Amino acid sequence: MIQHIARRAGMAGALLLAAAATQAQVGPGTQWTKDGYGYLRAQDDEIVQLDARKPGAGTTILSKQQLTPAGKDAPLKVRRFSLSDDGQRVLLNTNTQKVWRYDTRGDYWVYDLKAKQLVQLGKGRPESSLMFAKFSPDGTKVAYVSEHNLYVENLADHAIKALTTDGTDRLINGTFDWVYEEELDCRDGFRWAPNGESLAYWQLDATKTRNYLMLNTTSALYPYTVPVEYPVVGEDPSRCRVGVVPVAGGPTKWMEVPGDAVQHYLPRMEWAGPAELIVQQLNRRQNESKIMLCNAATGAAKVIYSETDKAWVDAKDGAVGWNWIEGGKKFVWASEKDGWRHLYAVDRAGHEQLLTKGNYDVISLEAIDERAGTVYFMASPTNATQTYLYRVPLKGGAATRVTPANEAGSHNYDISPNGKLALHNYSSTSAFPTADVVSLPAHQRLSGGDVPEQAKNSRAPKTEFFQVKTADGVTLDGWMVKPTNFDPAKKYPIVFYVYGEPASQTVTDRFGTGANRLYQGNMADDGYIYASLENRGAPAPRGREFRKAIYHNIGSLNIRDQALGAQEVLKNSFVDTSRVAVWGWSGGGSSTLSLLMQYPKIYKTGISIAAVDNQLNYDNIYQERYMGLLPEDRHFFVDNSPLAHAKNLRGNLLLIHGTGDDNVHYNNAEQMINELVKNNKTFQLMSYPNRTHGISEGEGTSRHLASTYTKFLKDNCPPGGR
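What you see as residue numbers is a count from 1 along each chain, following the sequence as written. Reporting in this predicted model follows two pLDDT cut-offs: at least 70 for local features of residues, and 80 or more for side-chain atom pairs to be given and counted; totals over whole chains, interfaces and linings ignore these cut-offs and use all residues. Values reported for side chains reflect all heavy atoms of the structure, with hydrogen atoms and water molecules removed beforehand.

1. Overview of the sheet that holds strand E28 (residues 352-354)
Right, so step 1: The pairing criterion for strands is at least two bridges between them, as found by DSSP. The helix and strand labels rest on DSSP assignments: H or I over at least four residues marks a helix, E over at least two residues marks a strand, and numbering proceeds from the N terminus. A sheet is described by the order of its strands in space; here four strands give the open sequence E25-E26-E27-E28, paired in antiparallel fashion. Every interior strand has two partners, whereas the edge strands, strand E25 (324-325) and E28, have only one.
Right, so step 2: Pairing of E25 with strand E26 (residues 330-335), which is carried by two bridges, proceeds in the antiparallel orientation. Its bridge partner being in E26, Trp324 is matched across the sheet by Phe331.

2. A look at the nonpolar core
Right, so step 1: What makes a nonpolar core is a set of buried Ala, Val, Leu, Ile, Met, Phe, Trp, Tyr and Cys residues whose side-chain atoms join them at distances within 4.5 Å. Buried residues are those whose accessible area, probed at 1.4 Å on protein chains only, stays under 20% of the maximum for their type, while exposed residues exceed 50% and partly exposed ones sit between those limits. Formed by 49 residues in total, the largest nonpolar core has its most connected members in Tyr180, Trp202 and Leu277.
Right, so step 2: Secondary-structure elements contributing two or more residues to this core are helix H1 (178-184), strand E16 (198-205), strand E17 (211-216), strand E19 (239-246), strand E21 (264-271), strand E22 (276-283), strand E23 (288-295) and helix H6 (620-627).
Right, so step 3: When residues of this core are sorted by domain, at least three fall in each of domain 2 (163-316) and domain 4 (457-661 + 684-691 + 703-716).
Right, so step 4: Every residue pair with non-hydrogen atoms within 4.5 Å of one another is taken to be in contact. Discounting residues that sit within four places of it in the chain, Tyr180 has contacts with Asp185, Cys186, Leu204, Cys240, His264, Tyr265, Leu266 and Ile621. Where a domain begins and ends is set by an automatic assignment or by a domain database.

3. Side note on the domain arrangement of the chain
Right, so step 1: Here the domain parsing of the chain yields domain 1 (29-160), domain 2 (163-316), domain 3 (318-448) and domain 4 (457-661 + 684-691 + 703-716).
Right, so step 2: On the domain 3 side, the residues contacting the 16 residues of domain 2 number 18 residues.
Right, so step 3: For any pair of parts, buried area is found by adding up, for both, the accessible area (1.4 Å probe) each one loses once the two are put together. Of the roughly 1700 Å² buried at the junction of domain 2 and domain 3 (both faces included), carbon and sulfur atoms supply 56%.
Right, so step 4: Broken down residue by residue, the surface that domain 2 buries against domain 3 is led by Ile304, Tyr305 and Lys316, which jointly contribute 40%.
Right, so step 5: Between Lys or Arg on one side and Asp or Glu on the other, a salt bridge is scored when a side-chain nitrogen of the former is within 4 Å of a carboxyl oxygen of the latter. Taken together, the connections running from domain 2 to domain 3 amount to one salt bridge.
Right, so step 6: Here a polar contact is taken to be a pair of N or O atoms separated by no more than 3.5 Å, where protein atoms must pair a possible hydrogen donor with a possible acceptor and residues adjacent in sequence count only if both atoms sit in side chains. In this structure, the connection of domain 2 to domain 3 is made through 10 residue pairs in polar contact (both at pLDDT 80 or more).
Right, so step 7: Mapped onto the side of domain 2 that touches domain 3, the elements with two or more residues apiece are E21, E22, E23 and strand E24 (301-308).
Right, so step 8: In terms of residues, the side of domain 2 that touches domain 3 owes the most to one element, E21, which gives four residues.
Right, so step 9: Only Asp, Glu, Lys and Arg are considered charged, only Ala, Val, Leu, Ile, Met, Phe, Trp, Tyr, Cys and Pro nonpolar, and every remaining residue, Gly among them, polar. In terms of residue class, the side of domain 2 that touches domain 3 is made up of eight nonpolar, one polar and seven charged.

4. Concerning the sheet that holds strand E3 (residues 38-43)
Right, so step 1: Pairing is antiparallel across the open sheet formed by four strands, whose spatial order is E2-E3-E4-E5. Among the strands making up the open sheet, the edge pair consists of strand E2 (31-32) and strand E5 (59-62).
Right, so step 2: Judged from the three bridges that link them, strand E4 (residues 46-51) and E5 form a sheet pairing that is antiparallel. The residue of E5 that forms the bridge with Gln49 is Thr59.

5. Examining the packing of aromatic side chains
The description of two aromatic rings rests on the distance between their centres and on the angle between their planes.
Right, so step 1: To pair, rings of Phe, Tyr and Trp, with the six-membered ring standing in for Trp, must have centres within 6.5 Å; the planes then decide the type, stacked if under 30 degrees apart, edge-to-face if over 60, and tilted in the middle. In this structure the tally under the stated criterion is 26 aromatic pairs.
Right, so step 2: On the basis of an interplanar angle of 80 degrees and a centroid distance of 5.5 Å, the ring pair of Trp324 and Phe331 is categorised as edge-to-face. Here Trp324 matches Phe331 in class, with each residue buried.
Right, so step 3: Ring pairing ties together the aromatic residues Trp178, Tyr230, Trp312, Tyr551, Tyr618, Tyr622 and Tyr626, which thus form one cluster.

6. Details of the environment of Val279
Right, so step 1: The topology assignment puts Val279 in strand E22.
Right, so step 2: Counting along the chain gives 12 residues from Val279 to Ile291, while the straight-line C-alpha distance between them is 5.7 Å.
Right, so step 3: Residues in contact with Val279, not counting those within four places in the same chain, are Leu266, Arg268, Met269, Lys290, Ile291, Met292 and Cys294.

7. Thoughts on the UniProt feature "domain: Peptidase S9 prolyl oligopeptidase catalytic" (unreviewed entry) in the chain
Right, so step 1: UniProt positions are given in the numbering used here, feature names are shortened, and annotations may be inferred rather than shown by experiment. Under the UniProt annotation, "domain: Peptidase S9 prolyl oligopeptidase catalytic" (unreviewed entry) lies at residues 523-715.
Right, so step 2: Structurally, residues 523-715 comprises 39% helix and 18% strand, and the distance from its first C-alpha atom to its last is 14 Å.

8. With respect to the side chain of Thr701
Right, so step 1: Among the secondary structure elements, Thr701 is positioned in helix H9 (residues 701-716).
Right, so step 2: A polar contact of 3.0 Å, which involves the side chain of Thr701, links it to the backbone oxygen of Gly698.
Right, so step 3: Every residue in contact with Thr701, bar those within four places of it in the chain, is listed here: Tyr688, Arg691, Ile695 and Ser696.

Written out as structure tokens, the structure is:
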């Protein structure tokens, strides 16, 4: 038996095949055929089946004509799709709209291959209001969420039954509030029972969550507010509970999860058989994780496994699915309890067995092939900038690298249900992304692997990786791109790219690392050194201590690592220490401000985009996970925020923020503005009306942002060797 592990969404992820799994909980992943040798995908307004082992056009499963609704002259634009278990029906998602980051709301249609009928689901529901539609196990029904209520539709007569009726904008059934989505990757909030007789679902009560009021001053003659439910640091989370409701209708049976339903998080839930649920619970501080089995009929809950950490415990990686083995007697679980992120087999009594032993981190669990007795996972024991596929016996033991030794860089695998092949993607800073199909475990190429046509016209930066040891004795990874016509006898300006927080790495050996999309032109051609360092606290596979040293210390330890690392880089004779710039976005914007203000002797120019200037402004799940709880830990939030150091600004600062940012709100920028004004610190500001965290909406926005960035950098940190 093969199990597929949902991948965590990430902005810096490797380029994926068109048919590869979509981001966590955004929709179904690769639609493999039963034998595991083929897969389906939407292309050219059709659904086609391809043989993964052979290149070719594939076999059409649904033609343009079949995908054209009656009375229409164009086929549906299929955004994502899934098949019923018997392969007789296809569920089609179209006309989608964004809910915060992803387009998880839309219309759904079903095509019956036997009856040759295309029918829209949710008749009578508002347009583009259906979310996370899923076939029942027997393929005769579809369940979905609409306007925060759960519905089941019978495919024989398309009768629709509302399973919940109390849903509102703030009482949320079957999906999640803003902060659960953003910080716990929770979007799809219901699961079919294995027997198809009931649904398990989350309910969040956000009625006490206060609104952040964004102000829209450009879309109408009179300004109006745009409310966003947003619990900042210190505010209570939404009350969260899990219940089971019969598909035939009737009251919900709520699971009796112990503790205060407000002062906890339930980030993961799945069925553990026909009559039980398995649930992960995190306490409010997120340093204690409990796994419990819940009786679906009575609601009785029993804790079977728990873990604590002096810093924090992460939620299970995969937001959908549970990694069962031995017919549901055990599951595979990741833990950092021994100082490294390892995989364990845990039985229903909580007894565990270490599967991956050694001084290395498991980056992600990819698949479990029980027939071959193998667990596949990603790791990189000797280089934290890279990712490779490894395997280990399901009974535990020494890990074996599957990725060939001659393909240094970053890899991604989507392993087929039979465990015999994988859709594989590879890139490095010098290798353009390529996609092929490989056999497992031999890793022999079966098809693909050709360098794409666009690679011939691409010009990748010549990125050099290095390590520095800081005055604190900490070794940091870094990369550097030198000027095109580099002359070691000259001195060049250096621009550091920084993120610095636990959500992302910047020093990775994949294509695009070393490029700067905001710079108009070519930084190397213009005579800049471009560089980045990976401080402690980044999610690099360097062990628990490296990652969790940042606890209570965002804005302090990560900033010191960056500054001391920069000091080592500046010892190179070809670096002009009078021309040192730093920039970053979001957490990187915060780090930019902290570096500029805490280490003004090093950094002379900074460009801060969408920064959290005051850590008390940010959401409770993220900021409390890494910084603690109010009131006892308040000083960590206050003392380590850029706002506390604004009085020390000496260099050139450009603040950039979208006024419609629903993630890092514009009040961050305004509080920083006030503090800089109070201390008579001059700076430049670029506000983008109604733009969100990505600052991409509106005609000309991306071009203008790049122009503003480039001009400020050139004016204040001039390029060229001297």
